[in-house]
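Chains, contacts and geometry: an overview
Here is what each chain is made of, one letter per residue.
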Amino acid sequence: MVKIKSIELIEINLPLVHFFETSFGRTYERRIILTRVLDDTGAEGWGEATCGETPSYSEEWTDAAWAVIEKILAPMVIGAQVESAADIWDLMKQVRGNRMAKAAIETACWDLEAKKSDVPLWRHLGGENREIACGVSIGIQDSVGQLLEKIQTELDAGYQRIKIKISPRWDYEIIKKVRETFGDIRLMGDANSAYTLDDIDKLKSLDEFELMMLEQPLPHDDIIDHAKLQREIRTPVCLDEPIKSPEDARKAIELKSGKIINLKNGRVGGHSESKRIEKICREAGIPVWCGGMLESGIGRAHNIAISTLKGYTLPGDVSASKRYWHEDIIEPAVEVSPNGIIIAPEKIGIGFEVKRNLIEKLAVRKASVKF
Ligand code: OSB
Ligand code: MG
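To keep things clear, this report deals only with the structure shown in the data block.

Each value, and the rule that gives it
Within every chain, residues take consecutive numbers counted from 1 along the sequence as written. As they are written, the chains are lettered A onward and the ligands numbered 1 onward, keeping that order. Local features in this predicted model are restricted to residues whose pLDDT is 70 or higher, and side-chain atom pairs enter the listing and the counts only when it is 80 or higher, whereas totals over whole chains, interfaces and linings include all residues. To get the side-chain values, all heavy atoms of the structure are used, and hydrogens and water are removed first. Coordination partners: N, O, S within 2.8 Å of the metal, 3.2 Å for Na, K and Ca; water not considered, so apparent gaps in a site are possible. Starting at the N terminus, helices and strands are each numbered in turn, a helix being any DSSP run of H or I of at least four residues and a strand any DSSP run of E of at least two. Think of it in three bands: residues with accessible area under 20% of the maximum for their type are buried, residues over 50% are exposed, and the middle band is partly exposed, with areas taken using a 1.4 Å probe on protein chains only. Whether a residue is near a molecule or strand is decided by its heavy atoms; if any one of them lies within 4 Å of it, the residue is near. Polar contacts, as counted here, are pairs of nitrogen or oxygen atoms within 3.5 Å of one another; within protein the pair requires one atom able to donate a hydrogen and one able to accept it, and residues that are adjacent in sequence qualify only if both atoms are side-chain atoms. Per-residue and other accessible areas were derived by the Shrake-Rupley procedure at a 1.4 Å probe size, with only the shown protein chains allowed to occlude residues. Whenever a carboxyl oxygen of Asp or Glu lies within 4 Å of a side-chain nitrogen of Lys or Arg, that contact is scored as a salt bridge. Interaxial angles span 0 to 180 degrees and are taken between N-to-C directions of axes, which are lines fitted to C-alpha atoms, for helices over the stretch in contact. Orientation labels follow simple angle bins: below 35 degrees gives roughly parallel, above 145 gives roughly antiparallel, 65 to 115 gives roughly perpendicular, and whatever is left gives oblique. In this scheme the handedness of a crossing depends on how the near helix is turned from the far one: anticlockwise by less than a right angle means left-handed, clockwise means right-handed. Should any heavy atoms of two residues lie within 4.5 Å, those residues are considered in contact. Under the grouping applied here, Gly and all other residues not named as nonpolar or charged are polar, the nonpolar ones being Ala, Val, Leu, Ile, Met, Phe, Trp, Tyr, Cys and Pro and the charged ones Asp, Glu, Lys and Arg. In what follows, a disulfide is any cysteine sulfur pair within 2.5 Å. Two aromatic rings from Phe, Tyr or Trp, using only the six-membered ring of Trp, form a pair when their centres are within 6.5 Å; if the ring planes differ by under 30 degrees the pair is stacked, by over 60 it is edge-to-face, and anything between is tilted. Note on geometry: a ring has a charge over it if NZ (lysine) or CZ (arginine) is within 6 Å of the ring centre and within 35 degrees of the ring normal.

Binding of the magnesium ion (ligand 2) to the protein goes through Asp190 (OD), Glu215 (OE) and Asp240 (OD), at separations of 2.1 to 2.3 Å. Sequence spacing among the residues donating to the magnesium ion (ligand 2) works out to D-x24-E-x24-D. Within this pair, whereas Asp190 is found in strand E8 (residues 187–190), its partner Asp240 is found in the loop between strand E10 (237–239) and helix H9 (246–255), the two being separated by 50 residues in sequence. We note that Asp190, like Asp240, is buried.

Around ligand 1, the surrounding shell holds 15 residues, and the nearest of these are Ser137, Asn192, Lys264, Leu294 and Tyr324. A distance of 3.0 Å is found between an oxygen atom of ligand 1 and a side-chain nitrogen or oxygen belonging to Lys165. At 3.1 Å, a side-chain N or O of Asp240 approaches an oxygen atom of ligand 1. Protein burial of ligand 1: of its 390 Å² of free accessible surface, 96% is covered by the chains.

Per the counting criterion, the structure on display carries 38 salt bridges. When the shortest N-O distance is used, the salt bridge between Lys310 and Glu128 registers 3.6 Å. Highlighted residues: Lys310 in the loop between helix H12 (297–306) and strand E13 (330–331) and Glu128 in the loop between helix H4 (121–124) and strand E5 (131–133), separated in sequence by 182 residues. Classification of Lys310 as partly exposed rests on a relative accessible area of 47%. For Glu128, a relative accessible area of 53% translates into the label exposed.

With that settled, consider the packing of H9 against helix H11 (residues 271–284). Think of two packed helices as two axes; the pair is described by the angle between the axes and how far apart they sit. In contact at an axis separation of 9 Å, H9 and H11 are set at 20° when each is read in the N-to-C sense. In this view, H9 runs roughly parallel relative to H11, as classed from their interaxial angle. Considering how the two elements wind past one another, H9 and H11 form a crossing that is right-handed. Mapping the contact onto sequence places Pro246, Ala249, Arg250 and Ile253 in H9 and Glu273, Arg276, Ile277, Ile280, Cys281 and Ala284 in H11. Looking at the contact of H9 with H11 residue by residue, the class counts come to seven nonpolar, no polar and three charged.

Enumeration according to the criterion identifies zero disulfides in this entry. In this structure Cys238 is not part of a disulfide, and its nearest cysteine sulfur, from Cys281, lies 10 Å away. Cys134 supplies the cysteine sulfur nearest to Cys290, a cysteine that is in no disulfide, at a spacing of 10 Å. With relative accessibility at 2%, the residue Cys290 sits in the buried group.

One pair of aromatic rings is described through two measures. These are the centre distance and the angle between the planes. Within this structure, the stated rule accounts for three aromatic pairs. With a centroid separation of 5.8 Å and an interplanar angle of 55°, the aromatic rings of Phe19 and Tyr28 are classed as tilted. We classify Phe19 as buried; its relative accessible area is 14%. Aromatic side chains Tyr324 and Trp325 sit 6.1 Å apart centroid to centroid with 35° between the ring planes, which places their arrangement in the tilted category. Here Tyr324 and Trp325 have matching classes, each one buried. Sitting above the plane of the Trp289 ring, Arg161 keeps its charged end 4.8 Å from the centroid. Sitting over the face of the ring of Trp66, Arg365 holds its NZ or CZ atom 4.1 Å from the ring centroid.

This is how it looks when you write it as structure tokens:
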């Protein structure tokens, strides 16, 4: 039984160790909303809204998500009694979209329930594989030299695959250089919707690099043109932005819009929806992997937990805390083994301690919604 008594929102500002640039812009500092849910017994759970600072990756962004959580979603969840955390999603059904905001509450309820059941969250979610294969996502740099240096660092750290962000100004020649320098490493590109079908010749030309996959080359809401593109190129297309629901996944698979899905917990609305999408993909023979949104330790811990489900068969974008933060807000920090693996923790719930004092120091605003 889950009955949430209060939901606390805390915004923290957290500067990145290194700026992160995608085809839609550069981020230096994250504005992250954390959620803390409490029930009658005093049990707690933590979640994170994974939206960006601007509505660029998706329509959701920090200030909008804050308002939706505080004014709309929290009141729908607080005081309602449901059988389990798996039913929290349904309480918010009347609200369209806003999946990252929903996930901030939904995932926190799963953490709370796992803690009350005295089990690690990953096991509570039905995970099987504690050893998660890790890759890294490397942003667009100021120079090719810097990119090559970064790739070397990550390969030395043991990461199993390298994803580089690409755009029409940072693609063919850059990938060529990476291949010349590092040979047949597991390499992929993510365009964050920087191309259209007019660029088909350019996209075809990337086939020569034998990329593991090409992530989201076409518009953020498209699954039709991606199907056309996939028929024209050998490189597997991986969908990110347009897959927000189990229905989206079903339709994209039916249309053959891509061969792989980057399954982001926030983008789809949390663990229940991730579980449903993982199942659809697994049954259709579509591999998934866990994407990232530059999460703090709390969102990262949730990503680790969901990555243990058996359909997550390819290395994800979930990597060590120190790649992002000088000091993470969880303890211990997330670490990756020299062979590029994160081991899901045995501790209950998200499996990491939340550093309350540090969060207090980083907090720039707070709100609390009570029954
Ligand atoms: O498209 O996967 C993406 C970060 C912010 C927004 C979108 C994306 C990303 C990443 C970074 O690729 C993944 C990570 O390291 O967290
Ligand atoms: Mg992406």
